[in-house]
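A closer look at the structure
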Amino acid sequence: MSDLQTIVAEPWADWGLIDCGHGLKYERYGHIKVVRPEPQAMWAPAADDWDPDATFVPGSDEDGGGRWVQHRPVPRSWPLRRDGVRFEASLTPFRHLGFFPDMAPQWDWMRARAEGGEVMNLFGYTGVGTLLLSEAGARLTHVDASKKSVEQGKNNAHLSELEERPIRWMIDDAAKFTAREVRRGRRYDGILLDPPKFGRGPTGEVWRLEEHLPGLIEDCGRLLDENSRFLVLTVYAVRMSAISVGELLRQTLGHLGGRIKVGEMTVREEARGLLLPTALFARWVRD
């Protein structure tokens, strides 16, 4: 592995990090502006005149609970766009807004390698990454345990006029689905994993990142071969090093050749251009 890399999500027309500091971040999602907790923003904000439409107030637990306080009426959902993909944002009970904008550089990187390939998106959520890869010419298998998220993904496909694209929408436990794909002898050209720290499958299966990630990566390695192109792993909200995640990929995928890249994902603040860390990542790439 080489030195740690920093990937930067730059603002675009329908999203931007306006300002951040004092444990909060101030963002725009289309015409809606929100404030959310952000422990990484330990510095002072650029301005003190934030004027959000809604603020997320966290609960007392550590599992992401809390509630939205609306300062002005916010639609139940509203449309956003990235490239040719349209999707809906909303104020979810989990403090985010239905997609993860810091994934944009990962989506762009995979799009450049996905055309004509078979790609699996594990923990695919509402399908923004799936649709961007589909638009780039890949055949997708989208897996998420939440029926609501998968239905939102299908709705986003309709908004994007991509509902006829070759996408398998699977409501399933990611680890169990991947193990079955291994037994079926399937292969993929690319795999994206964006696992949560903790989660439950559709029939109550428990997912704990530190406990279950190594086995899942091992199964993913069995779905890749000498002609496969990439695997991208992103890791949020854990006490884990990018070096550790990269070593897991190196040991598990080393037989495939290629290269492992690891580092931090960040977003660029519009007010001052500073970088706000958001997640760790590790990539295996053939080229």
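One structure accompanies this document, and this report is about it.

The rules we used
Residues numbered from 1 in each chain as written. Predicted model: local features only at pLDDT ≥ 70, side-chain atom pairs only at ≥ 80, totals over all residues. Heavy atoms only, no water. Helix = DSSP H or I, 4+ residues; strand = E, 2+ residues; numbered from the N terminus. Rg over C-alpha atoms; globule rule 2.2 N^0.38 Å. Buried < 20%, exposed > 50% of the residue type's maximum accessible area, 1.4 Å probe, protein only. Areas by Shrake-Rupley, 256 points an atom, 1.4 Å probe, with all protein chains shown as cover. Lys, Arg positive; Asp, Glu negative; His and termini not counted. Charge placed at Lys NZ, Arg CZ, Asp CG, Glu CD. Pairing = 2+ DSSP bridges. Axes fitted to C-alpha atoms, helices over the stretch in contact; angles between N-to-C directions. Parallel < 35°, antiparallel > 145°, perpendicular 65-115°, else oblique. Left-handed = near helix turned anticlockwise from the far one by under 90°. Contact = heavy atoms within 4.5 Å. Salt bridge = Lys/Arg side-chain N within 4 Å of Asp/Glu carboxyl O.

What follows concerns the overall build of the protein. For the protein, the count of helices and strands is six helices and 17 strands. For 287 residues, the compact-globule estimate of 2.2 N^0.38 gives 19 Å, and the C-alpha radius of gyration of the protein, at 19 Å, lies within 12% of that figure. Expressed along its principal axes, the backbone C-alpha trace of the protein runs to roughly 55 × 40 × 35 Å. Counting every position in the protein, which comprises 287 residues, the buried fraction comes to 51%. Summed over its atoms, the accessible surface of the protein is roughly 13,200 Å², and 50% of this surface lies on carbon and sulfur atoms. Between the centroid of the 38 positive side chains of the protein and the centroid of its 42 negative side chains there is a distance of 3 Å.

Further remarks concern the sheet that holds strand β17 (residues 275-285). Judged by pairing direction, the sheet is mixed, and its eight strands sit side by side in the order β1-β16-β17-β15-β12-β9-β10-β11 without closing on themselves. Sheet topology places β1 (5-9) and β11 (167-171) at the edges, where each strand pairs with a single neighbour. Adjacent strand axes in the sheet meet at a mean angle of 20° when their direction is disregarded. Inspection of the sheet shows strand β12 (residues 190-193) paired to strand β15 (residues 230-235) by four bridges, in the parallel sense. Pairing of Ile191 across the sheet is with Leu231, part of β15.

Pairing in this open sheet of five strands is mixed, and the strands run β2-β3-β4-β5-β6 from one edge to the other. The sheet is open, and its two borders are formed by β2 (15-21) and β6 (66-70), each paired with just one other strand. Within this sheet the neighbouring strands show an average axis-to-axis angle of 20°, counted without direction. Relative to strand β4 (residues 32-37), strand β3 (residues 24-29) runs antiparallel, the two sharing six bridges. Counterpart to Tyr29 in the pairing with β4 is Ile32.

Bringing unusual backbone geometry into the picture now. Peptide bonds are trans in most cases, and residues, glycine excluded, mostly fall at negative phi. A positive phi angle, close to 55°, is found at His22, a residue other than glycine. Mapping His22 onto the fold places it in the loop between β2 and β3. Phi is positive for Tyr125, close to 60°, though the residue is something other than glycine. Within the secondary structure, Tyr125 is located in the loop between β9 (118-122) and α2 (128-135).

Now for the packing of helix α4 (residues 174-184) against helix α5 (residues 209-222). Two elements in contact, α4 and α5, have axes separated by 9 Å at closest approach and are oriented at 30°. As summarised for this structure, α4 and α5 are arranged roughly parallel, according to the angle between their axes. Between α4 and α5 lies a crossing whose hand is left-handed. Side by side, α4 and α5 meet where Ala174, Ala175, Thr178, Ala179 and Val182 of the first sit next to Leu216, Asp219, Cys220 and Arg222 of the second.

Attention now goes to the pairing of strand β5 (residues 54-58). The pairing of β4 with β5 spans two bridges and is parallel. Pairing of Val34 across the sheet is with Ala54, part of β5. Taken together, the five bridges between β5 and β6 define a ladder with antiparallel strand orientation. Within β6, the residue paired with Phe56 across the bridge is Trp68.

All right, on to the pattern of salt bridges then. For the structure on display, the rule yields 23 salt bridges. The salt bridge involving Glu135 is made with Arg111; its shortest N-O contact spans 2.8 Å. One end of the pair, Glu135, is in helix α2; the other, Arg111, is in helix α1 (residues 104-114), and 24 residues separate them in sequence. Judged by relative accessible area, which is 32%, Glu135 ranks as partly exposed. Note that Arg184 is salt-bridged to Glu181, the shortest N-O span being 2.5 Å. Taken as a pair, Arg184 and Glu181 lie in helix α4 at a separation of three residues, close to a single helical turn. Via salt bridges that share partners, Arg168, Glu181, Arg184 and Arg186 belong to a single interconnected network.

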